[in-house]
Amino acid sequence: MTDIEMITLAATLIASKQTKQGVVADVGSVLISASGAVFTGVCVGTNSGTICAERTAIAKMITDTQEYGIQRIVAVWKDADGAVFVIPPCGYCRQFMADTDPRNIHETVVVLSHDVAVPLRDLLPYHDWWQRQP
Ligand SMILES: [Zn+2]
């Protein structure tokens, strides 16, 4: 699956629904697991908490396959005119990906556009910055 195909699939997941105090399915995410399986997710925002689309897709991957490695991931949002935007993972999702499997920090590629993709480690440059102080 190409990055453009991932973006296109993620955009089809978007079906925004206003909840009491949140928005559901405003963002869609597609990930390719380390074994090559494809998983999808949407954001679920409620008054009792928000789960980003990326974490929904990761949770589905773990639930369905007990797999933790992410090869590639993208998240997409649309404006009121239907224009598609690729959005970067929030800090919580970046750390979640890193914590899900220690290999992800080096092996996961985050798609940031149809022609830009970066390793997860580039989005978390200080992920292993634990400096003992004198
Ligand atoms: Zn997030």
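A quick note: this is a predicted structure, and the numbers were derived from the prediction, not measured.

**Student:** How would you summarise the packing of helix H2 (residues 53-65) against helix H3 (residues 91-100) if you had to cite specific residues and measurements?
**Tutor:** At their nearest, the axes of H2 and H3 sit 9 Å apart, and the two run at 20° to each other. One finds that H2 runs roughly parallel with respect to H3. When you trace H2 past H3, the crossing you get is left-handed. Touching Glu54, Arg55 and Ile58 of H2 are Cys93, Phe96 and Thr100, all from H3.

**Student:** Before we move on, could you go through H3 and cite the residues and values that matter?
**Tutor:** Every buried residue belonging to H3 is among Cys93, Arg94, Met97 and Ala98, and all of these are buried. Each buried residue of H3 sits inside an arc of 135° when the element is viewed along its axis, so together they form one side. In this structure, H3 carries Gly91 and Asp99 as exposed residues pointing more than 90 degrees from its buried face. Against H2, strand E5 (70-78), helix H4 (104-107) and helix H5 (120-123) lie the buried residues of H3.

**Student:** Which residues make up the nonpolar core, and what values do they have?
**Tutor:** Counting residues in each nonpolar core, the largest one holds 29 residues, and the members touching the most others are Ala10, Val27, Leu31, Ala53, Ala57, Val74 and Val76. Those elements that provide at least two residues to this core are helix H1 (3-12), strand E2 (22-33), strand E3 (38-46), H2, E5, H3, strand E7 (109-113) and H5. The element that contributes the greatest number of residues to this core is E5, accounting for five residues. Aside from chain neighbours lying at most four places away, what touches Val74 is Met6, Ile7, Ala10, Ser29, Val30, Val86 and Val111.

**Student:** I'd like a rundown of H2, residues and numbers included.
**Tutor:** In a regular helix each residue adds 1.5 Å, so 13 residues correspond to 18 Å; H2 covers 18 Å between its end C-alpha atoms and thus fits that length. Among the residues making up H2, those that are buried are Ala53, Glu54, Arg55, Thr56, Ala57, Ile58 and Met61. For H2, the secondary structure elements touched by its buried residues are E2, E3, strand E4 (49-51), E5 and H3. Within two residues after H2, Gln66 carries a phi angle of roughly 55°, on the positive side.

**Student:** Could you give an account of unusual backbone geometry, naming the residues involved and the relevant values?
**Tutor:** Negative phi characterises most residues that are not glycine, and trans characterises most peptide bonds. Residue Ala25 is not a glycine yet carries a positive backbone phi of 60°. Within the secondary structure, Ala25 sits in strand E2.

**Student:** Provide a residue-level description of the environment of Ala98, including the pertinent values.
**Tutor:** By the element assignment, Ala98 lies in helix H3. Residue Ala98 is classed as buried on the basis of its C-beta count, with 20 C-beta atoms lying within 10 Å. For Ala98 and Gly82, which are 16 residues apart along the polypeptide, the C-alpha to C-alpha distance reads 32 Å. Excluding residues that lie within four positions of it along the chain, Ala98 makes contacts with Asn104, Ile105, Leu120, Leu124 and His127.

Reading guide: rules and limits
- Residues numbered from 1 in each chain as written.
- Predicted model: local features only at pLDDT ≥ 70, side-chain atom pairs only at ≥ 80, totals over all residues.
- Axes fitted to C-alpha atoms, helices over the stretch in contact; angles between N-to-C directions.
- Helix = DSSP H or I, 4+ residues; strand = E, 2+ residues; numbered from the N terminus.
- Parallel < 35°, antiparallel > 145°, perpendicular 65-115°, else oblique.
- Left-handed = near helix turned anticlockwise from the far one by under 90°.
- Contact = placed C-beta atoms within 7 Å.
- Buried ≥ 20, exposed ≤ 12 C-beta atoms within 10 Å, placed from the backbone.
- Arc of directions from axis to C-beta.
- Core = buried A, V, L, I, M, F, W, Y, C linked by C-beta atoms within 7 Å.
- Expected span 1.5 Å × (residues − 1).

These figures come from the coordinates and say nothing about function on their own.
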